[in-house]
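Here is how the chains run, residue by residue.
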Amino acid sequence: MHLHQLSQESNMRGKKWAFSVLIFFVFGVTALGLQCDGSSSWFAEYPLPLREDHKLFDVGVVDVNGDKLLDIYTSNHNFRQALLIADGNGGYRDMIDEWGLGHSQEFPGVELSFVAPKVDKAGLYIYWLGVGGNEELGHHVIIHAHKTSELGEWRGDLRINAPVDVHENDGFDIDIEPQSFPRSETTVRFSTSQDAMLKLKLTAWGLPINFDIQGAMAPDQIYVGNRKKTPHSTRFTIALQDRHGLAWADYNDDGRMDVFTNRGALSGTLMHYPENVQRSVKDVFFVSEQQGTYKEIGEEVGIAKRGCSGRHIKWVDYNQDGLLDLYVNCQDRGRVEREFPNQLYRQSSDRQFVDVAAEVGLTITDHQVIDFAWLDADADGDPDLLTTTDKGFFLYRNQAGRFSQEFMGRGRFAREDKPGLRYVTLDYWNFDGKLTVADYDADGDLDAFSVSKQGSTLLVNDQGKYTALDPVSVGLPAEGVGGNWVDYDNDGLTDFHAVPEGLFRQLPNHKFEATNLLALPSHLYLAAISNWADLDNDGTRDVVIAVNENPSLWRWWEKPFKSPMDIFKWEILSYRNKGADNHWLQFLLEGHSGNREAIGAQVTVVTPRGQQVMEVGSSEGSFFSHGHYRLYFGLGEHETADTVRIRWPDGRVQEMHSVPGDKLLTLKQKTLPHSERQPSGSGDRDK
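Rules behind the numbers
- Residues numbered from 1 in each chain as written.
- Predicted model: local features only at pLDDT ≥ 70, side-chain atom pairs only at ≥ 80, totals over all residues.
- Heavy atoms only, no water.
- Core = buried A, V, L, I, M, F, W, Y, C linked by side-chain atoms within 4.5 Å.
- Buried < 20%, exposed > 50% of the residue type's maximum accessible area, 1.4 Å probe, protein only.
- Domains from an automatic or database assignment.
- Contact = heavy atoms within 4.5 Å.
- Salt bridge = Lys/Arg side-chain N within 4 Å of Asp/Glu carboxyl O.
- Helix = DSSP H or I, 4+ residues; strand = E, 2+ residues; numbered from the N terminus.
- Pairing = 2+ DSSP bridges.
- Axes fitted to C-alpha atoms, helices over the stretch in contact; angles between N-to-C directions.
- Patch = residues over 30% accessible without salt bridge, like charges linked within 9 Å, V, L, I, M, F, W, Y side chains within 5 Å.
- Areas by Shrake-Rupley, 256 points an atom, 1.4 Å probe, with all protein chains shown as cover.
- Disulfide = S-S within 2.5 Å.
- 1 Å grid on protein atoms, 1.4 Å probe; cavity = no way out; pocket = protein on both sides within 12 Å on 5 of 7 lines; lining within 4 Å.
- Points joined across faces, edges and corners; volume = space filled by probe spheres on them.
- Nonpolar A, V, L, I, M, F, W, Y, C, P; charged D, E, K, R; others polar.
- Phe/Tyr/Trp six-rings, centres within 6.5 Å; stacked < 30°, edge-to-face > 60°.
- pLDDT = per-residue confidence, 0-100.
- Polar contact = N/O pair within 3.5 Å; in protein donor to acceptor, adjacent residues only side chain to side chain.

1. Quick notes on the nonpolar core
Link 1 in the chain: In terms of nonpolar packing, the biggest core is built from 57 residues, with Trp315, Phe587, Leu589 and Val644 touching the most fellow members.
Link 2 in the chain: Among the domains, domain 2 (241–577) and domain 3 (585–668) are the pair contributing at least three residues each to this core.
Link 3 in the chain: Excluding its chain neighbours within four sequence positions, the residues that come into contact with Leu589 are Arg596, Glu597, Ala598, Ala601, Val603, Val616, Ile646, Trp648 and Leu667.
Link 4 in the chain: Within the second largest apolar cluster, 43 residues are counted, among which are Val141, Leu158, Val164 and Ile238.

This is the structure:
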């Protein structure tokens, strides 16, 4: 056979292969489009500036600056976070770095990235670079010398309390001084007289790395992180912060949100390190000083990490003294043989915090808390703690500021059924078991839904006693990767949004029917987080959905070219609600100093169709965080609400009648003499 014949046959085979790939690609995209087509008539896609993200840990909504426009935030482990501030015209601006709320105020952009900075000036480039593969995220510290021979003779030291492996060295002279981990530091000495690159693999995440660059190198010739920020001195420290949950509240009463952010604890090993290292790995509390300026005051007000691998965090006034307290879920870790008690930081009148979890019975060390919600389960006026755990569902009933544990049952699946699962933190399990709260059956008691890929559970509340039901019994999906209660059509009945199945509309008999709105492919996702909020202030709730694909579940024609990074990528979907034309009411409550968000207040709206109950702070869409405090009520065809009843956090009950709909009402809590306040436990079940 001649060479030109071989070439022709090879070209023909290549064209056939390319045509086949094209056909399957078109088929896959068409199939995907068909599965999502039900959303087009009711929901309009509204892309955010953040279309995809890496290693997402949470996404939520909050009005950061008090302008009544809801903003969007993320947390991302060691990758860059986002804080999208709404501009009132449908746009957003990411202010995370400008406001100093990222991983480093000195080095914005220092976070882990899969993209290296552009090297365009003579100097020393130091940055983190992510490496993916085999469902695990790797990371290298890169030291890149570019044309430094033009700058004169120099050398550098790197010190860290962890073993250091040289992954690749191209052109550096290096010397590694051994150490006794973790009590002393590893020192890496490096120098070069040419262009060179050093890739170092560290065995611990989140530890501070101390650099000392000596000789002719000036600070403005050192470029740190993806944004190439220069240090103030040739001696500087960088560290990844491993950000997890964010809890927002106006702590200092200036009309702007402050934020407490927790983080991991080196997979539970933090307590093994020297005290100076332990102090450097901390949760942070950023308090606003003026618009766009924040001060970190965590240690100053009594926040102490004590080895807590922080996960879920929420504000609550558990003792009803008018000051917000903070509850932190500390996840058990398998690497360390010790207990990790949860933390309840009680706020005192001097605005200091003291951990009283052991004193009130909320350390919860006998099982692993997967998710929790603060809510008034028994309508007695004080907040109780509902948890989903590895052993089932437990209610911690509040009795005058002390909590008693009550077992509420278990669903089809509990993690203790699978040996070895207790300490697993892969994303498949990390986002499994979310609790979402609503009075879905309109009986005045707050119910809950626990979403799990291994079997979801409907928790029906009857006067403070929860019963675990199979959600299929009311027409809801048996399992899922995410979900939230939401009245998407403003008809006054609480519907349910399940990922990937889409929206389920509630019928008058409290059963549900599938609508196929917002339905996504059923075989695709590891995890999902969805937030429902009125992002454009038009009276209907819009949705932001973050989904993490599972590449191993793609059928080959849907994604013929896979990347090792796919496992870490989250897609951010955003839709504006254009289909709801019923009447509505929204409430923004303003409490007293110490609890400006009126967290724990309960609002009941009565129309001819019945009553609806919502509680400030208990209807959060984010998975680990807390910050969405607006309340939403659908009025259906009714233009007014017959009665609006507000039970404020101090127990006072306020009633309004014939309240016109189709508006956002801002209501301020009135100050009453202490003798006129309704005491804790008196409730309003029978009012």
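After that view, the rundown keeps rolling.
2. Re the pattern of salt bridges
Link 1 in the chain: As enumerated under the stated definition, the model contains 33 salt bridges in all.
Link 2 in the chain: Asp253 is the partner of Arg351 in a salt bridge, and the nearest nitrogen-oxygen pair spans 3.2 Å. Of this pair, Arg351 sits in the loop between β23 (343–347) and β24 (353–355) while Asp253 sits in the loop between β17 (243–249) and β18 (258–263), and the two are 98 residues apart along the sequence.
Link 3 in the chain: Judged by relative accessible area, which is 18%, Arg351 ranks as buried.
Link 4 in the chain: Across the salt bridge formed by Glu479 and Arg412, the nearest N and O atoms sit 3.1 Å from each other. Here Arg412 lies in the loop between β28 (402–409) and α4 (427–430) and Glu479 lies in the loop between β32 (465–469) and β33 (482–486), a separation of 67 residues in the sequence.
Link 5 in the chain: With a relative accessible area of 38%, Glu479 lands in the partly exposed category.
Link 6 in the chain: Here Arg412 falls in the exposed class, since its relative accessible area comes to 52%.
Link 7 in the chain: Three or more residues are tied together by salt bridges with common partners; here these are Arg80, Asp94, Asp97 and Arg227.

3. Structural notes on the sheet that holds strand β19 (residues 284–290)
Link 1 in the chain: The strand order β17-β18-β19-β20 describes an open sheet built from 4 strands, whose pairing is antiparallel. The two strands at the open ends of the sheet, each matched to only one other strand, are β17 and β20 (293–296). Adjacent strand axes in the sheet meet at a mean angle of 25°, parallel and antiparallel pairs treated alike.
Link 2 in the chain: Relative to β19, β18 is paired through 3 bridges, and the arrangement is antiparallel. Of the residues in β19, the one forming a bridge with Thr261 is Val284.

4. Here's the deal with the sheet that holds strand β44 (residues 640–647)
Link 1 in the chain: As summarised here, the arrangement of the 4 strands in space is β42-β41-β44-β45, forming an open sheet in which the pairing is antiparallel. Two strands bound the open sheet, and with one partner strand each, they are β42 (610–615) and β45 (653–660). Averaged over all adjacent pairs, the angle separating strand axes in this sheet is 20°, with direction ignored.

5. Brief notes about a nonpolar patch on the surface
Link 1 in the chain: Side chains of Val166, Ile174 and Ile176 sit close together on the surface and give an oily, nonpolar patch of about 190 Å² of accessible area.
Link 2 in the chain: Secondary-structure assignment places Ile176 in strand β11 (residues 173–177).
Link 3 in the chain: With a relative accessible area of 32%, Ile176 lands in the partly exposed category.

6. Focus: the environment of Val606
Link 1 in the chain: Looking at where Val606 falls in the secondary structure, it is placed in strand β41 (residues 602–607).
Link 2 in the chain: Judged by its relative accessible area of 25%, Val606 is partly exposed.
Link 3 in the chain: For the pair Val606 and Thr640, spaced 34 residues apart in the sequence, the C-alpha separation amounts to 9.5 Å.
Link 4 in the chain: Setting aside its immediate chain neighbours within four residues, Val606 contacts Gln611, Ala641, Asp642 and Thr643.

7. Concerning the pairing of strand β37 (residues 525–533)
Link 1 in the chain: Counting buried positions along β37 gives 9 out of 9 residues, so the element sits mostly inside the fold.
Link 2 in the chain: With 8 bridges connecting them, β37 and strand β38 (residues 542–549) associate as antiparallel partners. When the sheet's bridge partners are listed, Ile529 is paired in β38 with Ala546.

8. Re the state of the cysteines
Link 1 in the chain: Tallying each qualifying case throughout the model produces 1 disulfide.
Link 2 in the chain: A sulfur-sulfur distance of 2.0 Å marks the disulfide that ties Cys308 to Cys330. Sign of the S-S torsion, about -100° for the bond between Cys308 and Cys330, identifies this disulfide as left-handed. Residue Cys308 is found in the loop between β20 and β21 (310–316), and its partner Cys330 is found in strand β22 (residues 325–330); the two are separated by 22 residues along the sequence. Of the two residues, Cys308 and Cys330, neither departs from the other in class, the shared state being buried.

9. Looking at empty space enclosed by the protein
Link 1 in the chain: Under the defined criterion, the tally for this structure stands at 13 cavities of 30 Å³ or more.
Link 2 in the chain: Considering only enclosed or pocket space, the largest cavity measures out at about 290 Å³ in volume.
Link 3 in the chain: What lines the largest cavity is a set of 27 residues, and nearest its centre among them are Ala438, Trp485, Thr494, Arg541 and Met614.
Link 4 in the chain: Considering only residue class, the lining of the largest cavity consists of 12 nonpolar, 11 polar and 4 charged.
Link 5 in the chain: Three or more residues apiece are contributed to the lining of the largest cavity by two domains, here domain 2 (241–577) and domain 3 (585–668).
Link 6 in the chain: In this model, the second largest cavity occupies a volume close to 190 Å³.
Link 7 in the chain: Every residue lining the second largest cavity is counted, 21 residues in all, and those nearest its centre are Val316, Pro383, Ile599, Gly600 and Glu615.
Link 8 in the chain: For the lining of the second largest cavity, the secondary structure elements donating two or more residues are β21 and β25 (369–375).
Link 9 in the chain: When the residues that make up the lining of the second largest cavity are grouped by side-chain class, the tally is 9 nonpolar, 7 polar and 5 charged.
Link 10 in the chain: Shared between two domains, the lining of the second largest cavity takes at least three residues from each, and those domains are domain 2 (241–577) and domain 3 (585–668).

10. Thoughts on the packing of aromatic side chains
Link 1 in the chain: This model, assessed by the stated rule, comprises 32 aromatic pairs.
Link 2 in the chain: Arranged with centres 5.7 Å apart and planes meeting at 80°, the rings of Phe587 and Phe633 form a pair that is edge-to-face. Of the two residues, Phe587 is situated in strand β40 (residues 583–590) and Phe633 in strand β43 (residues 631–636); the sequence distance between them amounts to 46 residues. Exposure class is identical for Phe587 and Phe633. Each is buried.

11. A word on the confidence of the model for the protein
Link 1 in the chain: Across the protein, the average pLDDT comes to 88, with 86% of residues at 70 or higher.
Link 2 in the chain: Under a pLDDT of 50 for its full length, residues 1–38 has, in the predicted model, 20 contacts with residues more than four places off or in other chains.
Link 3 in the chain: Segment residues 674–687 is flagged for pLDDT under 50; beyond a separation of four residues in sequence, or across chains, it makes 28 contacts in the model.

12. Things to note about unusual backbone geometry
Link 1 in the chain: The linkage connecting Val499 with the following residue, Pro500, adopts the cis geometry, with an omega of 15°.
Link 2 in the chain: Within the element layout of this structure, Pro500 appears in the loop between β34 (495–499) and β35 (502–506).
Link 3 in the chain: Within the chain, Lys147 stands out as a residue other than glycine whose phi angle is a positive 55°.
Link 4 in the chain: Its relative accessible area of 39% is what places Lys147 among the partly exposed residues.
Link 5 in the chain: Even without being a glycine, Ala400 presents a positive backbone phi close to 55°.
Link 6 in the chain: Take Ala400: it is sitting in the loop between β27 (392–399) and β28.
Link 7 in the chain: Note on Ala400: relative accessible area 75%, which makes it exposed.

13. Notes on the environment of Lys434
Link 1 in the chain: Counting through the fold element by element, Lys434 comes out in strand β29 (residues 434–438).
Link 2 in the chain: Along the sequence, Lys434 and Ser450 sit 16 residues apart, while their C-alpha atoms lie 5.4 Å from each other.
Link 3 in the chain: Excluding residues within four positions of it along the chain, Lys434 makes contact with Asp371, Phe449, Ser450, Val451, Gly483, Asn484, Glu620, Gly621, Ser622 and Phe623.
Link 4 in the chain: A distance of 3.1 Å separates a polar side-chain atom of Lys434 from the backbone oxygen of Ser622.

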